[in-house]
Amino acid sequence: MRVGVLTGGGDCPGLNAVIRAIVRKAERHYQDSIIGFKDGWSGVLEGDFIPLDVNFMRGSLPRGGTVLGTSRVSPRMYSDGFDKVRSTMESTGIDALIVIGGEGTLSAAASVQEAGAAQVVGVPKTIDNDIALTEQTFGFDTAVSIATSAIDRLHTTAESHDRVMVVEVMGRHVGHIATWAGIAGGATLTLIPEHPFDIQAVAETIMRRHRRGRWASIVVVAEGALPAEGTLEIAEPEVDEFGHKKLGGIGHVVASEIGARTGFDTRVTVLGHIQRGGTPTAFDRVLCSRYGIAAIDAVHAHKWGSMVAYQAGGMVTVRLVDAIAEAKPVSSELYEVARAFFA
């Protein structure tokens, strides 16, 4: 078979490891030829691609980013987008397209499949770990490890200066990174989108901790965390050209309010893109390899319109439209574990 691969949306640790696994089994086991489309769906729309083989992918397992480049362009942005996809599939002789991306990229893949423009298999990619029907997405473990390492380092500064340290981590709609890193890093409080916070309650918790002689506090905040209605007014975020809210900044708001309400020296650290750059962890490298192998196997099983998923320790396929139907929130059970350690 002749199979196309693309990576769309934000970059993520492990993208190259997934591509490498696809290429390795496709070439060595199935005798397929693989081409990689440059810059996500943009490459498909413009017919811009490169051949991929085992030699090309050598050394890519630990490499961050994506050798194919990425973008947030989607066929749905153009009136003739699906026709362009269909034309590229025909002109390149592509039998199937493996789409590696998050909710936006995979939603486009589902639309392409429905329109009959290409035969598609999806691979979930998001450090936020918010795609449904898969227990863990690659890059998440790396992001949590980076956030936890940062929290560990901030503990010593907070203790040395009797400060409150607010750490803002990624998590637009869900708080998986914040919750896991908060537990692993021993956070005083963790604020996530699933549970709107009362800033006065946050301040009072920190003051109670101070009265007990514990002056240093770490507050982890997901970038999409919001105050409970009527407790704190914040500005509505701007929207980018792709319709996504420009999040980030809630950490500064929380730090300012804590400082004003407690009188304690409060500082903020925004980890931002550090969480999704660089070398993937060992766990993510293995998970990526499993995702890539499962994807090319799904292609040869003709499981069109499916997404490969990690469930109960194994790889399965699920319907793509079901996986992107709604974001996967932090479970109540896990957040209760985090709450047990709140000050």
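Anyway, here's the lowdown on the structure attached to this text. Worth saying up front: this structure is predicted, and the values here are computed from it rather than measured. (Residues numbered from 1 in each chain as written. Predicted model: local features only at pLDDT ≥ 70, side-chain atom pairs only at ≥ 80, totals over all residues. Heavy atoms only, no water.)

Focus: the layout of surface pockets
Put simply, the rule reads: A pocket, in this scheme, is an open set of points on a 1 Å grid over the protein atoms alone with protein on both sides within 12 Å along at least 5 of 7 lines, while a cavity is a set where a 1.4 Å probe fits but cannot get out; residues line either one if an atom lies within 4 Å of a point. Grid points are joined across faces, edges and corners, and a volume is the space filled by probe spheres set on the points. For the purposes of this entry, the term helix denotes a DSSP run of H or I that reaches at least four residues, the term strand denotes a run of E that reaches at least two, and both are numbered from the N terminus.
Space inside the second largest pocket adds up to approximately 200 Å³. Along the walls of the second largest pocket sit 14 residues, with Leu 189, Leu 191, Phe 197, Val 202 and Arg 339 positioned nearest its centre. Counting only elements with at least two residues in the lining of the second largest pocket, the list comes to β7 (189–191), α7 (199–211) and α11 (332–339).

Quick word on the packing of helix α3 (residues 81–92) against helix α4 (residues 103–115)
Note the following rule: Angular values range over 0 to 180 degrees, each being the angle between N-to-C directions of two axes fitted as lines to C-alpha atoms, with helices fitted over their stretch in contact. Working rule for angles: under 35 degrees goes down as roughly parallel, over 145 as roughly antiparallel, 65 to 115 as roughly perpendicular, anything else as oblique. The contact definition used throughout considers only heavy atoms, calling two residues in contact when any of these lie within 4.5 Å.
Direction vectors running N to C along α3 and α4 enclose 75 degrees, while the axes themselves pass 10 Å from each other. Looking at the two axes, α3 sits roughly perpendicular to α4. Each of Phe 82, Val 85 and Arg 86 in α3 lies in contact with α4, whose residues at this interface are Ser 111, Val 112 and Ala 115.

Observations regarding the packing of aromatic side chains
So the rule is basically this: Classification of ring pairs rests on two measures: the distance between centres of Phe, Tyr or Trp rings, Trp counted by its six-membered ring, which must be within 6.5 Å, and the angle between planes, read as stacked under 30 degrees, edge-to-face over 60 and tilted in between. Using a 1.4 Å probe on the protein chains alone, a residue whose accessible area is under 20% of its type maximum counts as buried, one over 50% counts as exposed, and one in between counts as partly exposed. In our convention, an over-ring charge means Lys NZ or Arg CZ found within 6 Å of a ring centre and within 35 degrees of that ring's normal.
Under the definition given, this model contains four aromatic pairs. Ring geometry for Phe 140 versus Trp 180: centroids 5.4 Å apart, planes at 85 degrees, classification edge-to-face. Separated by 40 residues along the polypeptide, Phe 140 in helix α5 (residues 140–161) and Trp 180 in helix α6 (residues 176–185) bring together distant segments of the chain. With a relative accessible area of 1%, Phe 140 lands in the buried category. For Lys 84, the ring lying beneath its charged end belongs to Tyr 78, and the centroid distance is 5.6 Å.

Section: a positive patch on the surface
Our working definition: Note on patches: the residues involved have over 30% relative accessible area and no salt bridge, like charges join within 9 Å, and the nonpolar side chains Val, Leu, Ile, Met, Phe, Trp and Tyr join within 5 Å. The method behind every accessible area is Shrake-Rupley, applied with a 1.4 Å probe, and residues are considered shielded solely by the protein chains displayed. By definition here, a salt bridge exists when the distance from a side-chain nitrogen of Lys or Arg to a carboxyl oxygen of Asp or Glu is within 4 Å. Asp and Glu are treated as the negative residues and Lys and Arg as the positive ones, with His and the ends of the chain left uncounted. Where a charge sits is defined by one atom per residue type, namely NZ (Lys), CZ (Arg), CG (Asp) or CD (Glu).
On the surface, Arg 208, Arg 211, Arg 212 and Arg 214 cluster together to form a positively charged patch. Taking relative accessible area as the criterion, Arg 208 reaches 38% and is therefore assigned partly exposed.

Some points on the sheet that holds strand β3 (residues 49–52)
One key point about sheets: their strands pair by backbone hydrogen bonds, in either a parallel or an antiparallel sense. The condition that has to hold: The pairing criterion is simple: DSSP has to find at least two bridges between the two strands.
With respect to topology, seven strands assemble into an open sheet ordered β3-β2-β1-β4-β5-β10-β11, the strand pairing being mixed. Each having just a single partner strand, β3 and β11 (314–319) make up the two edges of the open sheet. Each strand of the sheet is rotated relative to its neighbour by a mean of 30 degrees, with strand direction disregarded. Summarising the sheet, strand β2 (residues 33–37) and β3 pair through four bridges and their orientation is antiparallel. In the sheet register, Phe 37 faces β3, and the bridge partner there is Phe 49.

Quick notes on the environment of Pro 13
Inspection of the secondary structure assignment puts Pro 13 in the loop between β1 (2–7) and α1 (15–28). Counting along the chain gives 265 residues from Pro 13 to Gly 278, while the straight-line C-alpha distance between them is 6.3 Å. Ignoring anything within four residues of it in the chain, the contact list for Pro 13 reads Ile 127, Phe 138, Gly 139, Thr 142, Gln 275, Arg 276, Gly 277, Gly 278 and Pro 280.

Here's the deal with the state of the cysteines
For clarity, the threshold we go by: By disulfide we mean two sulfur atoms from cysteines, separated by a distance within 2.5 Å.
Per the counting criterion, the structure on display carries zero disulfides. Cys 12 takes part in no disulfide bond, and the closest cysteine sulfur, belonging to Cys 288, lies 7.1 Å away.

As for the pattern of salt bridges
In the structure shown here, the tally under the stated rule is nine salt bridges. A salt bridge links Arg 28 to Glu 27; the shortest N-O distance between them is 3.9 Å. Residue class for Glu 27 comes out partly exposed when judged on its relative accessible area of 29%. The shortest N-O distance in the salt bridge between Asp 265 and Arg 163 comes to 2.9 Å. Pair noted here: Asp 265 is in the loop between α8 (250–262) and β9 (266–270) and Arg 163 is in the loop between α5 and β6 (164–169), with a separation of 102 residues, a long-range link. For Arg 163, a relative accessible area of 14% gives the class buried.

Concerning the sheet that holds strand β8 (residues 217–222)
One open sheet holds the four strands; their spatial order is β7-β8-β6-β9, and the pairing between them is parallel. At either margin of the open sheet sits one strand with a lone partner, and together these are β7 and β9. Each strand of the sheet is rotated relative to its neighbour by a mean of 20 degrees, with strand direction disregarded. The sheet contact formed by β6 and β8 spans six bridges and is parallel. Of the residues in β8, the one forming a bridge with Val 167 is Val 220. Along the sheet, α6 makes contact with β6, β7 and β8, crossing β7 at roughly 175 degrees. Each of β6, β7 and β8 touches α7; the most contacted strand, β7, lies at about 170 degrees to it.

So, the packing of α1 against helix α9 (residues 282–300)
Put simply, the test is: Throughout, a crossing is termed right-handed when the near helix is turned clockwise from the far one, and left-handed when it is turned anticlockwise from it by less than a right angle. Here the term charged refers only to Asp, Glu, Lys and Arg, the term nonpolar to Ala, Val, Leu, Ile, Met, Phe, Trp, Tyr, Cys and Pro, and the term polar to all other amino acids, Gly among them.
It is the contact of α1 with α9, at a shortest axis distance of 7 Å, that shows an interaxial angle of 45 degrees. Considering their axes alone, α1 and α9 lie oblique with respect to each other. Pair α1 / α9 crosses with right-handed handedness. Counted together, Ala 17, Val 18, Arg 20, Ala 21, Ile 22, Lys 25 and Ala 26 of α1 and Cys 288, Ser 289, Gly 292, Ile 293, Ile 296 and Asp 297 of α9 form the full contact between these two elements. Its residues placed into classes, the contact of α1 with α9 shows eight nonpolar, two polar and three charged.

Function cannot be read off these values alone, since they describe shape.
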